[in-house]
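Examining the three-dimensional arrangement
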Amino acid sequence: MGLSAWKAYRETRWALRVNPSSGNLHPTEAYIVHDGRILHYAPREHAVEERAVMSFDRWQAFLGGQEGFLVALTSIHWREAWKYGERAFRYCQHDVGHAIAALRVSAALFGWTLRLLPEWSDDDLSTLLGVDRDEDRGDAEAEHPECLALVGPSVSWNPGDRASVVAAARSATWLGRANVLSRGHDQWEIIERVTKATHYPGQLPTPNSQRPTLNVEPLGVGPFGNWELRRELILQRRSAVAFDGRTTLPRERFLSMLSALDPGAPPFDAIDWPPHVHLALFVHRVDGLVPGVYAYVRESGVVDEWRAVMRPEFLWEPVADGLFLLLPTDVRWAANRLSCDQEIASDGFFSLGMIARLESALRERGQWFYRRLFWECGMIGQVLYLEAEAAGSRATGIGCFYDDAVHELLGLSGRAWHSLYHFSMGKPVDDFRLTTEPGYIWEVSAT
Ligand SMILES: Cc1cc2nc3c(=O)[nH]c(=O)nc-3n(C[C@H](O)[C@H](O)[C@H](O)COP(=O)(O)O)c2cc1C
């Protein structure tokens, strides 16, 4: 969640982070609960600020003798809403997904692992983090709880009594006050409505016996796709602003990138739901693959479902495990148009739409699951960002796209499947007018 670089152009200087964010606005806040201390992460300083210290005994009882700590994420919608209006809610959720994957990768660097704790409701989390403490917030913008994760060498155990920790947080002594970001605010009533509609009630804990075994790989073994897990690679992740429109991607590399989206592999082992997001790809420049529209399904059963609801003229020609050619044609113009006329969608190796199972998922699980669909998209994006860096190329998340037009192109109607996020990858064209410095001063002396 920290800074990865400072960029400068003439008088202007801005920071980039390990996790990307729509418009570089970073609505996601991170917290740590460690040794009974509730700590807020300050990225600029790479330091933690103590918000509260709870009863150590209750914390110890919660851990039950196991090694680990908690990390939590929240969103400040206003950070995105001042610029993007009602789209801000979705972008905040994408960002949470990117952050979950970034944290899971970070845990893996230490040979540790991380999983979300679905038992904790939004209300529990608000109390634990103190974001419901109006007395500390004053006139500052609202901060909304997103998720809580357990981090440790093993996380396949259930922590102890949640209610006791929530009560300990409530009665703790709190320090600090939130900053006010803006003097004036536009009201985006729909953001408040969707926030309420997707309020998470918490779930019963899964018994230890039913929890899948999690992957804990030692440093450098590379459980993430085919690349070695390296600090440098994580810190060099950037969004491309333009692609060269020429360079091609080797077919094997492309296929290995897709296989890194295996729902059973890290970072997807951090989440507690089966895959709901699959890809509609617009392939432009992959060696040995005819340009066109492709489907990549992360779960085999989806093929029959998609065949039944997508355009009848699609070929469904198998290319590799999970990958099907639907329509061989030059899709550069269409991809560009679908992603709000952004050239990054047509000038790279490929761009894609992440198509989520929407209606049935919300009906079966509850409206709160809407947020998690975006988290899954963000996690896919984070893996592809890192895969791009490992391949000597670059990627960019695309939050601006025309979903109705994507659905029309694929032949989708109704709300069963919905495009929730776009993404692109290619050979970047760097802007050499910008200078780059490390995220933190001590890294200057280290290099
Ligand atoms: C959810 C999301 C949506 C984004 N949408 C776009 C987009 O539509 N067009 C674009 O050029 N960049 C887009 N980006 C890239 C951001 O602008 C970029 O992440 C941000 O400027 C920070 O830069 P960095 O990724 O190099 O750290 C998006 C990023 C995210 C995470």
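Conventions we followed
- Residues numbered from 1 in each chain as written.
- Predicted model: local features only at pLDDT ≥ 70, side-chain atom pairs only at ≥ 80, totals over all residues.
- Heavy atoms only, no water.
- Core = buried A, V, L, I, M, F, W, Y, C linked by side-chain atoms within 4.5 Å.
- Buried < 20%, exposed > 50% of the residue type's maximum accessible area, 1.4 Å probe, protein only.
- Helix = DSSP H or I, 4+ residues; strand = E, 2+ residues; numbered from the N terminus.
- Contact = heavy atoms within 4.5 Å.
- Pairing = 2+ DSSP bridges.
- Axes fitted to C-alpha atoms, helices over the stretch in contact; angles between N-to-C directions.
- Expected span 1.5 Å × (residues − 1).
- Polar contact = N/O pair within 3.5 Å; in protein donor to acceptor, adjacent residues only side chain to side chain.
- 1 Å grid on protein atoms, 1.4 Å probe; cavity = no way out; pocket = protein on both sides within 12 Å on 5 of 7 lines; lining within 4 Å.
- Points joined across faces, edges and corners; volume = space filled by probe spheres on them.
- Nonpolar A, V, L, I, M, F, W, Y, C, P; charged D, E, K, R; others polar.

All right, on to the nonpolar core then. Within the largest apolar cluster, 72 residues are counted, with the highest numbers of intra-cluster contacts made by Leu-73, Ile-100, Phe-254, Leu-279, Leu-281, Phe-350 and Met-354. Examining the composition of this core, we find that twelve residues originate from one element, helix α13 (residues 369-390), more than from any other. Once you skip the residues sitting within four places of it in the chain, Leu-281 turns out to touch Phe-254, Leu-258, Gly-292, Val-293, Tyr-294, Tyr-296, Leu-323, Phe-350, Ser-351 and Leu-352. Counting residues in each nonpolar core, the second largest holds 26 residues, with Ile-38, Ala-72, Leu-128 and Val-155 among its members.

Here we take up unusual backbone geometry. Omega for the peptide link from Pro-266 to Pro-267 comes to 5°, which places this bond in the cis form. Its identity as a non-glycine residue notwithstanding, His-26 has a phi of 45°, on the positive side. Looking at the secondary structure, you find His-26 in the loop between β2 (12-17) and β3 (28-34).

Pairing within the open sheet is antiparallel, and its three strands lie in the order β2-β1-β17. A single partner strand is all that each edge strand has here, and the edge strands are β2 and β17 (435-438). Each strand axis lies, on average, 25° off the axis of its neighbour in the sheet, ignoring direction. As judged from the four bridges shared by strand β1 (residues 3-9) and β17, these two strands associate in the antiparallel manner. For Trp-6, the partnering residue across the bridge sits in β17 and is Glu-437.

Moving on: α13. Taking 1.5 Å per residue as the helical rise, α13 with its 22 residues ought to reach 32 Å, and the 32 Å between its terminal C-alpha atoms agrees with that figure. In terms of residue burial, α13 counts as a mostly covered element, since 21 of its 22 residues are buried. Just downstream of α13, Gly-392 is the residue with a positive phi angle, here 75°.

Turning our attention to the environment of Tyr-421. Within the secondary structure layout, Tyr-421 lies in strand β16 (residues 417-426). For Tyr-421 and Val-96, which are 325 residues apart along the polypeptide, the C-alpha to C-alpha distance reads 13 Å. Not counting residues up to four positions away in its chain, the partners in contact with Tyr-421 are His-94, His-98, Leu-352, Gly-353, Met-354, Cys-377, Gly-378, Gly-397, Ile-398, Gly-399 and Phe-401. In terms of polar contacts, Tyr-421 uses its side chain to reach the side chain of His-98, at 2.8 Å.

Enumeration according to the criterion identifies three cavities of 30 Å³ or more in this entry. Here the largest cavity is characterised by a volume of approximately 70 Å³. Forming the walls of the largest cavity are 13 residues, and the residues nearest its centre are Leu-117, Pro-118, Cys-147, Tyr-200 and Arg-372. Listing elements by their share of the lining of the largest cavity, those giving two or more residues are β8 (144-152) and α13. Its boundaries defined by the atoms lining it, the second largest cavity holds a volume of some 40 Å³. For the second largest cavity, the full set of lining residues is Val-71, Ala-72, Leu-73, Ile-100, Leu-103, Leu-114, Leu-116, Cys-147, Leu-148 and Ala-149. Elements represented by at least two residues in the lining of the second largest cavity include exactly β6 (69-75), α3 (88-109), β7 (113-116) and β8. When grouped by side-chain class, the residues that make up the lining of the second largest cavity number ten nonpolar, no polar and no charged.

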